[in-house]
Amino acid sequence: MVDHTLLKPEATRADAQTTIIDGLELGVYSICLSPSMLPIDTGSARTCVVAGFPSGKHHSLVKASEARLAVDSGADEIDMVIDVGAAVDGRYDEVFADVLTVREAIGRDRVLKVIVESAVLLDAVGDDCLVQVCRRAVEAGADFVKTSTGFHPAGGASVRAVELMRATVGDGVGVKASGGIRTAAAAADLIAAGANRLGLSGTRAVLDGFPE
């Protein structure tokens, strides 16, 4: 269930290799990296790469090009950031178009996760905004909706957000919880709320808190 993540701006290629080694030892599902790290061999783990990260304020065609280049360089999964301001404004058609542009660029054989910054949407607008954004993302072809980049000061994953996202997308679409998940208890709560993928940078500490 874990995307073992290294997205710090100061991360080096040596850091990426260490992250891969740690992730493989821990048996994670994927290694999530910045696009500049590609091409890179993640071994038996899938390669996950972000696009439009972390602000989401890139033009849709730039996100699409970034995502396509990542796929051509070996990425199995793309985690794209929406234009959060468009969502806050209620311009859900623009959110749809943004996601669709990236989906069409990478094709249907790659997993697309859509980062919605759920804490921002809930705090600034309310439940309906998060619901509408998730619906439009799924309509545009998202395989997962994802809570957070982990970089926004509004916060990361919450049980409330994950429950609402799961209720909105149903069982046929994934929900990835990410941002600020540092303990096994927090991870367990998010899984119980409906998350079926976790974005973790402190993976070892979280997994150490679970019974073997």
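What comes next concerns the included structure. Quantities reported herein were computed from a predicted structural model and do not represent experimental measurements.

Criteria and cut-off values
Residues numbered from 1 in each chain as written. Predicted model: local features only at pLDDT ≥ 70, side-chain atom pairs only at ≥ 80, totals over all residues. Heavy atoms only, no water. Buried < 20%, exposed > 50% of the residue type's maximum accessible area, 1.4 Å probe, protein only. Helix = DSSP H or I, 4+ residues; strand = E, 2+ residues; numbered from the N terminus. Pairing = 2+ DSSP bridges. Right-handed = clockwise from strand over helix to strand, strands pointing away. Core = buried A, V, L, I, M, F, W, Y, C linked by side-chain atoms within 4.5 Å. Contact = heavy atoms within 4.5 Å. Axes fitted to C-alpha atoms, helices over the stretch in contact; angles between N-to-C directions. Left-handed = near helix turned anticlockwise from the far one by under 90°. Nonpolar A, V, L, I, M, F, W, Y, C, P; charged D, E, K, R; others polar. Patch = residues over 30% accessible without salt bridge, like charges linked within 9 Å, V, L, I, M, F, W, Y side chains within 5 Å. Areas by Shrake-Rupley, 256 points an atom, 1.4 Å probe, with all protein chains shown as cover. Salt bridge = Lys/Arg side-chain N within 4 Å of Asp/Glu carboxyl O. Expected span 1.5 Å × (residues − 1). Arc of directions from axis to C-beta. Polar contact = N/O pair within 3.5 Å; in protein donor to acceptor, adjacent residues only side chain to side chain.

1. A short note on the pairing of strand S7 (residues 174-178)
Part 1 of the argument: Counting buried residues along S7, 5 of its 5 residues qualify, which places the element largely inside the surrounding structure.
Part 2 of the argument: Inspection of the sheet shows strand S6 (residues 144-146) paired to S7 by 3 bridges, in the parallel sense. Its bridge partner being in S7, Phe 144 is matched across the sheet by Gly 174.
Part 3 of the argument: The handedness of the S6 to S7 crossover, carried by helix H7 (residues 159-169), is right-handed.
Part 4 of the argument: With 3 bridges connecting them, S7 and strand S8 (residues 197-200) associate as parallel partners. Bridging across to S8, Ala 177 finds its partner in Leu 198.
Part 5 of the argument: This β-α-β element, S7 to helix H8 (residues 184-193) to S8, shows right-handed connectivity.

2. A few points about the nonpolar core
The tendency in soluble globular proteins is for nonpolar side chains to be buried side by side.
Part 1 of the argument: With 60 residues, the main nonpolar core has Ile 78, Ile 82, Val 114, Leu 130 and Val 133 as its most contacted residues.
Part 2 of the argument: Excluding residues that lie within four positions of it along the chain, Ile 78 makes contacts with Val 49, Ala 51, Ala 67, Ala 70, Val 71, Ile 106, Val 111, Leu 112 and Lys 113.

3. Details of the packing of helix H4 (residues 92-106) against helix H6 (residues 127-139)
Part 1 of the argument: Packing of H4 against H6 leaves a shortest axis separation of 8 Å and a crossing angle of 35 degrees. Our pair here, H4 against H6, has a crossing hand that is right-handed. Contacts between H4 and H6 involve Tyr 92, Asp 93, Val 95, Phe 96 and Val 99 from the first element and Cys 129, Gln 132, Val 133, Arg 136, Ala 137 and Glu 139 from the second.
Part 2 of the argument: Here the residues of the contact of H4 with H6 are counted per class, giving 7 nonpolar, 1 polar and 3 charged.

4. What about a nonpolar patch on the surface?
Part 1 of the argument: Residues Met 1, Ile 191, Leu 207 and Phe 210 make up a contiguous nonpolar surface patch of about 300 Å² in total accessible area.
Part 2 of the argument: Along the chain, the position of Met 1 falls in the segment before strand S1 (2-6).

5. A few points about helix H2 (residues 60-72)
Part 1 of the argument: The first and last C-alpha atoms of H2 sit 18 Å apart over 13 residues, in line with the 18 Å expected at 1.5 Å per residue.
Part 2 of the argument: Turning to H2, its buried residues number three or more, namely Ser 60, Lys 63, Ala 64, Ala 67, Ala 70 and Val 71. Buried residues in H2, looked at end-on, bunch into an arc of 125 degrees, giving them a common side. Residues of H2 that are exposed and angled more than 90 degrees away from the buried face: Leu 61, Leu 69 and Asp 72.

6. Thoughts on the pairing of strand S2 (residues 30-33)
For a regular strand, side chains alternate in direction, first toward one face of the sheet and then toward the other.
Part 1 of the argument: Burial of S2 is two-sided: the residues Ser 30 and Cys 32 facing one way and the residues Ile 31 and Leu 33 facing the other way are all buried.
Part 2 of the argument: As judged from the 4 bridges shared by S1 and S2, these two strands associate in the parallel manner. What sits directly across from Leu 6, in S2, is Leu 33.
Part 3 of the argument: The β-α-β motif built from S1, the intervening helix H1 (residues 13-26) and the parallel element S2 has right-handed crossover chirality.
Part 4 of the argument: Relative to strand S3 (residues 46-51), S2 is paired through 4 bridges, and the arrangement is parallel. The residue bridging Leu 33 from the neighbouring strand is Val 49, located in S3.

7. Description of the side chain of Thr 147
Part 1 of the argument: Summarising the element assignment, Thr 147 is placed in the loop between S6 and H7.
Part 2 of the argument: On the basis of relative accessible area, Thr 147 is assigned to the buried category, the value being 0%.
Part 3 of the argument: Polar contacts involving the side chain of Thr 147 include one to the main-chain carbonyl oxygen of Ser 178, which spans 2.9 Å.

8. Re unusual backbone geometry
Part 1 of the argument: Here the bond from Leu 38 into Pro 39 is cis, since omega is -5 degrees, no more than 30 degrees from zero.
Part 2 of the argument: Summarising the element assignment, Pro 39 is placed in the loop between S2 and S3.
Part 3 of the argument: Between Phe 53 and Pro 54 the backbone carries a cis peptide bond, its omega angle lying at -5 degrees.
Part 4 of the argument: Tracing the backbone shows Pro 54 in the loop between S3 and H2.
Part 5 of the argument: Non-glycine residue Glu 117 carries a positive phi angle of around 50 degrees.
Part 6 of the argument: Take Glu 117: it is sitting in the loop between strand S5 (111-115) and helix H5 (118-124).
Part 7 of the argument: For Glu 117, a relative accessible area of 2% translates into the label buried.

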